Amino acid sequence: MSVVTQKETETGDLTPTFDWMAPRYESQTDAVSWGRYDGWLRDLMTIAEGFSPRRVVDLGCGTGRLLEKLYRRHPDWDLVGVDAAAHMLDEITVPVNRVHARLQEWAPRHPREFDLALMSFVLRDQADPGAALRAVHQALKPGGHLAVLETHTPKGWAGRGFEAYFYQWLPRWGDWSLTKDWPYRPEEAPYRWLARSHRRWHRGDQMPTWLKEAGFRNVETRRPVSDVVMVWTAEA
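Residues numbered from 1 in each chain as written. Predicted model: local features only at pLDDT ≥ 70, side-chain atom pairs only at ≥ 80, totals over all residues. Heavy atoms only, no water.

A. View of a nonpolar patch on the surface. Taken together, the side chains of Trp34, Trp169 and Trp176 make up a nonpolar region of the molecular surface, amounting to roughly 440 Å² of accessible area. Within the secondary structure layout, tryptophan 176 lies in helix H9 (residues 158–178). (Patch = residues over 30% accessible without salt bridge, like charges linked within 9 Å, V, L, I, M, F, W, Y side chains within 5 Å. Areas by Shrake-Rupley, 256 points an atom, 1.4 Å probe, with all protein chains shown as cover. Salt bridge = Lys/Arg side-chain N within 4 Å of Asp/Glu carboxyl O. Helix = DSSP H or I, 4+ residues; strand = E, 2+ residues; numbered from the N terminus.)

Next up, the structure:
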């Protein structure tokens, strides 16, 4: 495995990090979300069901928890999971199509193939989110939909507590316990990266602009601004 360098992480290449995280990703995501991760995915699944798709791609599918939920509920759907980290794909336990590829390289090769694209905690780490959304738009059928789940600094008093947790406590928790065996540069440890990544993202205030510039319409937010995650949906 290659050493994770500052250059790699600044350009959004987190493949070595996620390959290393794969065996612990599910349990640790449950832990750092204080048990809310599963509920967020269930809510995203409910949104997906509202679009009545037949062909669905989960971009940056990771270990496939969302795909598993969709497969158990809708075994007749044609489900595809795309991820750049091969070890994350190895963790998927349901019989869906798994594709080892980078989002922006894969999407243009599948024009107008999908009814629905899902992205959960992926867009924030793209080097150019706007370019990633333009690529996703190419893979959707006219009238198809995109649903994006991402971290979100709450508005109001809750935002201060969220920032203290994300920017101060979480990196320390990672260093002391969650990823104390991280073998590469300490400053590039996963939860230190997560804190920096979200600091740049904040509330994803540019999402409506990025989506419209990518060719999407009917952009909606699907969660209250006081929440620690946000879902955006849009139509291709």
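B. Representation of the packing of aromatic side chains within the structure. Here the structure, examined in full by the defined rule, presents 14 aromatic pairs. Between phenylalanine 18 and tyrosine 25, the ring centres sit 6.3 Å apart and the planes meet at 65°, which makes this aromatic pair edge-to-face. With relative accessibility at 26%, the residue phenylalanine 18 sits in the partly exposed group. Judged by relative accessible area, which is 15%, tyrosine 25 ranks as buried. (Phe/Tyr/Trp six-rings, centres within 6.5 Å; stacked < 30°, edge-to-face > 60°. Buried < 20%, exposed > 50% of the residue type's maximum accessible area, 1.4 Å probe, protein only.)

C. Layout of the environment of glycine 204. Position of glycine 204 relative to the elements: it lies in the loop between helix H10 (190–201) and helix H11 (207–213). Accessibility expressed as a relative area gives 3% for glycine 204, which makes it buried. Here the alpha-carbon distance between glycine 204 and aspartate 76, two residues 128 residues apart in the chain, equals 34 Å.

D. View of helix H4 (residues 37–50). With 14 residues, H4 extends 20 Å from end C-alpha to end C-alpha; this agrees with the ideal 20 Å at 1.5 Å per step. The complete set of buried residues in H4 reads Tyr37, Gly39, Trp40, Leu41, Leu44, Met45, Ile47, Ala48 and Glu49. Elements that come into contact with the buried residues of H4 comprise helix H3 (25–32), helix H5 (65–73), strand E4 (114–120), strand E5 (140–151) and strand E7 (229–235). Backbone geometry just downstream of H4 places serine 52 in the positive-phi region, at approximately 50°. (Expected span 1.5 Å × (residues − 1). Contact = heavy atoms within 4.5 Å.)

E. Layout of the nonpolar core. Membership of the largest hydrophobic core comes to 31 residues, with the highest contact counts inside it found for Leu59, Trp106, Met119, Val136, Leu146, Met207 and Phe216. At the level of secondary structure, the elements contributing two or more residues to this core comprise strand E1 (55–59), strand E2 (78–83), helix H7 (103–106), E4, helix H8 (129–139), E5, H11 and E7. Among the elements that take part in this core, H8 stands out by supplying five residues, more than any other. Dropping the residues within four chain positions of it, phenylalanine 216 is found in contact with Leu133, Val136, His137, Leu140, Leu146, Leu211, Ala234, Glu235 and Ala236. By size, the runner-up hydrophobic cluster in this structure holds 29 residues, among which are Ala48, Ala85, Ala147 and Val229. (Core = buried A, V, L, I, M, F, W, Y, C linked by side-chain atoms within 4.5 Å.)

F. Spotlight on the pattern of salt bridges. A complete count under the given rule lists 21 salt bridges for this structure. Residue arginine 24 pairs with aspartate 181 through a salt bridge whose shortest N-O separation is 2.9 Å. Residue arginine 24 is located in the loop between helix H2 (15–21) and H3, and its partner aspartate 181 is located in the loop between H9 and H10; the two are separated by 157 residues in the primary sequence. The exposure class of arginine 24 is buried, given its relative accessible area of 19%. Its relative accessible area of 43% is what places aspartate 181 among the partly exposed residues. A salt bridge links aspartate 38 to arginine 42; its shortest N-O distance comes to 2.8 Å. Of this pair, aspartate 38 and arginine 42 are both found in helix H4, four residues apart, which corresponds to roughly one turn of the helix. On the basis of relative accessibility, which here comes to 42%, the residue arginine 42 falls in the partly exposed class. Within this structure, Glu26, Asp30, Asp38, Arg42, Arg65 and Lys69 form a network of salt bridges that share partners.

G. Spotlight on the packing of H4 against H5. Direction vectors running N to C along H4 and H5 enclose 50°, while the axes themselves pass 10 Å from each other. In terms of their interaxial angle, H4 and H5 are classed as oblique. Relative to H5, H4 is oriented so that their crossing is right-handed. Together, Tyr37, Asp38, Leu41, Arg42, Leu44, Met45 and Glu49 of H4 and Arg65, Leu66, Lys69, Leu70 and Arg73 of H5 make up the contact between the two elements. When its residues are assigned to classes, the contact of H4 with H5 shows six nonpolar, no polar and six charged. (Axes fitted to C-alpha atoms, helices over the stretch in contact; angles between N-to-C directions. Parallel < 35°, antiparallel > 145°, perpendicular 65-115°, else oblique. Left-handed = near helix turned anticlockwise from the far one by under 90°. Nonpolar A, V, L, I, M, F, W, Y, C, P; charged D, E, K, R; others polar.)

H. Inspection of H5 at higher detail. All of the buried residues in H5 are Arg65, Leu66, Leu67, Lys69 and Leu70. Tucked inside the fold, the buried residues of H5 contact H3, H4, E1, E2 and E4.

I. The arrangement of the confidence of the model for the chain in detail. Averaged over all residues, the pLDDT of the chain is 93; the fraction at 70 or higher stands at 95%. Contacts for the low-pLDDT stretch residues 1–11, under 50 throughout, to residues beyond four places or in other chains number 26 contacts. (pLDDT = per-residue confidence, 0-100.)

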